[in-house]
Structures are given as C-alpha cells and as structure tokens.
Amino acid sequence: MTRQTFRLAPFAAAALFAASGGALAQTVLNVSTWLPPAHGATMAQNQWCEAVEKETKGSVKCHLLPKAVSAPPGTFDAVRDGLADVSYTVDGYTPGRFIFTQVAEFPFLGDTSTATSVAYQRIYDKYFAPLGEHRGVKTLAVFTHGPGIIFTVKQPVTSAAEAAKLKFRIGGGNINELSKLMGWNTTLKPATDSFELLSTGVMDGTFFPDESLQSMRLGMVRYATTFPGGLYNTSFVFMMNQAKFDSLKPEEKAAITKVSGEHAARLFAAGWDRTDAASRNIQKTTGVQRQMANEAFVNDVKAKQAQLEDKWVAAAEARGLKNARAVLAEFRAETQKLK
C-alpha cells in the first residue's frame with residue numbers, strides 16, 4: 001500500500017461509516033392493508049406514507065406488506081401488538097368495543113365521505129381522543145366511507161317491509177343495531193366476504209357505499225336503494241403501533257402528526273368520494289337500477305334510529321362524554337357546513 005493510499009483510507013472508512021450510520025438511522029414502518037391495492041383506502045394510506053417520507057426527509061419510510069397481517073376484524077389488535085406498524089380498520093367489526101365512534105355511523109349524515117370524515121375528525125379530536133377511545137394504539141386519523149346504500153341481487157327494496165323479507169350482509173356498527181330494530185335479517189361479515197355470499201345466494205344483498213360494487217367485484221348486484229345522507233356510515237380508524245411511534249425522534253413524531261389528523265382524513269375521504277363517483281358512472285352502463293327511498297321508508301328508519309341515539313347518548317355519557325346529545329348536534333352541524 002502506498003503512503004498516499006494509506007492516508008486516504010481513514011477518510012474512506014469515515015465515509016463508509018457515515019453512509020452505514022445513515023442507513024441504520026432510518027426507521028421503516030411495516031404497513032398492512034386488507035383491501036385491494038387499487039382501493040381508495042389503500043391508495044390513501046400509500047399517499048400518507050409518501051407524505052411521511054417527504055416530511056421526515058427520508059428518515060422514516062414505509063414498507064408495504066405483500067398481504068394483510070390479519071383478517072379485517074383482527075387488524076386493531078394486530079397493530080396494537082406490533083404485527084404491523086400501520087393500518088386501518090372498521091370500528092364496528094368488533095361490536096361493543098368502541099362507543100364514541102358510533103356517532104359517525106348514524107343515518108342521514110352527509111352525501112360525501114369528505115363531509116362526514118372531516119367533521120368526524122374534528123369532533124374526535126375535540127371530544128373523543130382525550131377520553132382514550134382507541135387506547136392501545138396511536139390514532140393517526142378517523143374517517144368514514146361514503147353514504148351507505150342497500151344493494152340487492154334479484155329484487156329492489158322499496159320499503160322496510162320488503163327489506164325484512166331478504167337476507168343481508170352488513171359490516172357492523174350502528175347499522176347492525178338499526179337492522180335489528182327494523183326486523184331485518186342481517187349477518188355481520190367483513191366486506192371481503194361479500195362476493196362469495198352474494199354470488200352463492202347465501203345473502204340476497206349487502207349494505208355498502210357505491211365504490212364497493214367495483215372494489216369487491218359485485219357485478220351480480222342489480223338494484224340500489226339510496227337515502228338522503230346515507231342509510232348509514234362506517235367509522236374507520238387509521239392507526240400506528242404506539243411503541244413504534246414512541247420510538248421515533250421528536251422531529252419525526254412532529255412530521256407524522258403534521259400529515260395525520262384532518263390531513264389524513266381528507267386523503268381517505270377524497271379517495272372514497274372519487275371511487276364512489278366512478279362506481280356510479282359504471283352502474284349506469286351495467287344497468288344497476290337506482291332509486292331513492294321514499295318518505296315513508298325514511299321515516300320508518302328515523303323512528304327506530306331515534307331509539308339508538310338515546311341509547312348512544314346514555315352509553316357515551318357512561319364512558320365519560322359530557323352532554324353527548326350536544327356533541328351529536330355539533331357533529332351534524334359540522335357535516336352541514338362541509339357540504
């Protein structure tokens with residue numbers, strides 16, 4: 001080795017050390033989704049990951065797992081226990097576990113995911129987060145899908161009585177309780193089971209937002225009954241493993257917080273609104289017959305829902321929410337402002 005080479009070696013070693021140190025300092029988040037890669041929610045999660053990498057200047061990156069670490073109902077616990085660092089799930093997939101979130105699942109809230117999701121995020125931050133509704137994980141955002149619709153395969157549904165003659169797949173939450181009061185025959189199953197249930201005739205229909213006809217490949221559906229503001233909504237939580245978040249540097253935590261909350265809620269909502277609109281256009285070409293529920297049908301739902309709202313107010317206040325009825329009124333007012 002020449003004298004010149006010997007002198008350069010320490011500098012080369014230092015450069016290699018710095019490079020390896022930079023690599024070691026990088027944090028990788030394992031990200032799971034149980035919806036298809038092209039689904040709006042999966043794409044929104046990916047957009048959030050891109051925003052995290054940009055805001056942290058590359059010190060935090062996402063690794064998109066090739067398959068879900070759990071079936072949808074187990075996703076909350078999977079993130080809590082560290083099987084994945086980041087994911088989202090439906091609160092209603094585990095009935096009775098979450099109480100405050102049910103407020104975002106009531107009928108007639110709004111005609112877009114954006115209106116309900118942003119209003120929900122604001123109410124959540126103000127009232128629900130301080131009470132630890134999703135304790136065990138770091139809540140990144142909350143959101144809802146678009147307005148819920150009754151979809152059927154063989155016949156339209158024009159009244160509560162007609163609905164009572166059919167079997168439906170539902171996703172849980174308030175719509176599960178509402179269906180019981182309405183006397184409807186419903187079964188709680190994840191969205192991903194819908195194709196098999198409808199294609200085999202085990203179920204006559206399903207309750208879904210518009211986009212699900214495409215994302216769940218439900219080409220057998222021929223009829224849709226819509227409601228002003230939706231028959232229901234579904235509340236979602238977008239979350240991160242708490243220990244993983246706690247392990248980050250202060251500036252990385254600040255960056256993640258910046259792109260979460262309402263920012264992330266809008267990402268998920270925009271994806272849902274976009275795919276809802278695309279699905280409605282496709283339904284026109286595939287011959288899905290759509291009709292708005294008549295006044296009598298809407299009033300039947302309202303009468304039963306009033307009982308559930310009373311029940312929710314009592315349950316929410318028992319868990320520490322003060323003046324729950326006023327919170328519900330504030331939430332509804334917020335969705336109207338965002339229309």
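Scroll up for the structure.
Here we summarise the structure given alongside this text. Here the structure is a predicted model, which means the values were calculated and not measured.

**Digging into empty space enclosed by the protein**
At step 1: All chains considered together, the criterion is met by 2 cavities of 30 Å³ or more.
At step 2: Volume-wise, the largest cavity comes out at about 160 Å³.
At step 3: As for the largest cavity, its lining consists of 19 residues, and the residues nearest its centre are Tyr93, His145, Ala191, Phe208 and Phe236.
At step 4: Reported here for the second largest cavity is a volume of approximately 30 Å³.
At step 5: As for the second largest cavity, its lining consists of Pro73, Phe76, Thr89, Val90, Asp91, Thr94, Arg97 and Phe98.

**A look at the state of the cysteines**
At step 1: Scanning the entire structure with this criterion turns up 1 disulfide.
At step 2: Residue Cys49 pairs covalently with Cys62 via a disulfide, S to S 2.3 Å. Disulfide Cys49 to Cys62: torsion about the S-S bond roughly -85 degrees, handedness left-handed. In this pair, Cys49 sits in helix α2 (residues 40–55) while Cys62 sits in strand β2 (residues 60–64), placing the two residues 13 residues apart along the sequence.
At step 3: Exposure remark for Cys62: the relative accessible area of 22% places this residue in the partly exposed category.

**Topic: the packing of aromatic side chains**
At step 1: Taken as a whole and assessed by the stated rule, the structure comprises 20 aromatic pairs.
At step 2: Between the aromatic rings of Phe143 and Phe268, the centroid separation amounts to 4.2 Å while the plane-to-plane angle is 10 degrees, which identifies the pairing as stacked. On the criterion of sequence distance, the pair formed by Phe143 in strand β4 (residues 137–144) and Phe268 in helix α11 (residues 262–286) is long-range, its members being 125 residues apart. The same class applies to Phe143 and to Phe268, which are both buried.
At step 3: When the centroid spacing of 5.9 Å and the interplanar angle of 75 degrees are considered together, the rings of Trp184 and Phe207 count as edge-to-face. Of the two residues, Trp184 is situated in the loop between α6 (174–182) and β7 (185–188) and Phe207 in strand β8 (residues 205–208); the sequence distance between them amounts to 23 residues. Phe207 matches Trp184 in its accessibility class, with the two residues each being buried.
At step 4: The ring centre of Phe245 lies 4.6 Å from the NZ or CZ of Lys138, which sits over that ring.

**Topic: the packing of helix α12 (residues 295–318) against helix α13 (residues 324–337)**
At step 1: Contact geometry of α12 with α13 gives a least axis separation of 8 Å together with a crossing angle of 120 degrees. Between α12 and α13, the contacting residues are Glu309, Asp310, Trp312, Val313, Ala316 and Glu317 on the first element and Ala324, Arg325, Leu328 and Arg332 on the second.
At step 2: Residue composition of the contact of α12 with α13, by class: 5 nonpolar, no polar and 5 charged.

**Quick look at the side chain of His145**
At step 1: With respect to the secondary-structure elements, His145 resides in the loop between β4 and β5 (149–152).
At step 2: With a relative accessible area of 4%, His145 lands in the buried category.
At step 3: For His145, the side chain forms a polar contact with the side chain of Thr234, separated by 2.9 Å.

**So, the sheet that holds β5**
At step 1: Taking strand neighbours across the sheet as the criterion, the 6 strands line up as β7-β6-β8-β5-β9-β11 in an open arrangement whose pairing is mixed. Strand pairing shows two members of the sheet lacking a second neighbour, β7 and β11 (289–292), which therefore form its edges. Averaged over all adjacent pairs, the angle separating strand axes in this sheet is 25 degrees, with direction ignored.
At step 2: The pairing of strand β6 (residues 167–170) with β7 spans 4 bridges and is classified as parallel. If you follow Lys167 over to β7, its bridge partner there is Asn185.

Calculation rules
Residues numbered from 1 in each chain as written. Predicted model: local features only at pLDDT ≥ 70, side-chain atom pairs only at ≥ 80, totals over all residues. Heavy atoms only, no water. 1 Å grid on protein atoms, 1.4 Å probe; cavity = no way out; pocket = protein on both sides within 12 Å on 5 of 7 lines; lining within 4 Å. Points joined across faces, edges and corners; volume = space filled by probe spheres on them. Disulfide = S-S within 2.5 Å. Helix = DSSP H or I, 4+ residues; strand = E, 2+ residues; numbered from the N terminus. Buried < 20%, exposed > 50% of the residue type's maximum accessible area, 1.4 Å probe, protein only. Phe/Tyr/Trp six-rings, centres within 6.5 Å; stacked < 30°, edge-to-face > 60°. Lys NZ or Arg CZ within 6 Å of the ring centre and 35° of its normal. Axes fitted to C-alpha atoms, helices over the stretch in contact; angles between N-to-C directions. Contact = heavy atoms within 4.5 Å. Nonpolar A, V, L, I, M, F, W, Y, C, P; charged D, E, K, R; others polar. Polar contact = N/O pair within 3.5 Å; in protein donor to acceptor, adjacent residues only side chain to side chain. Pairing = 2+ DSSP bridges.

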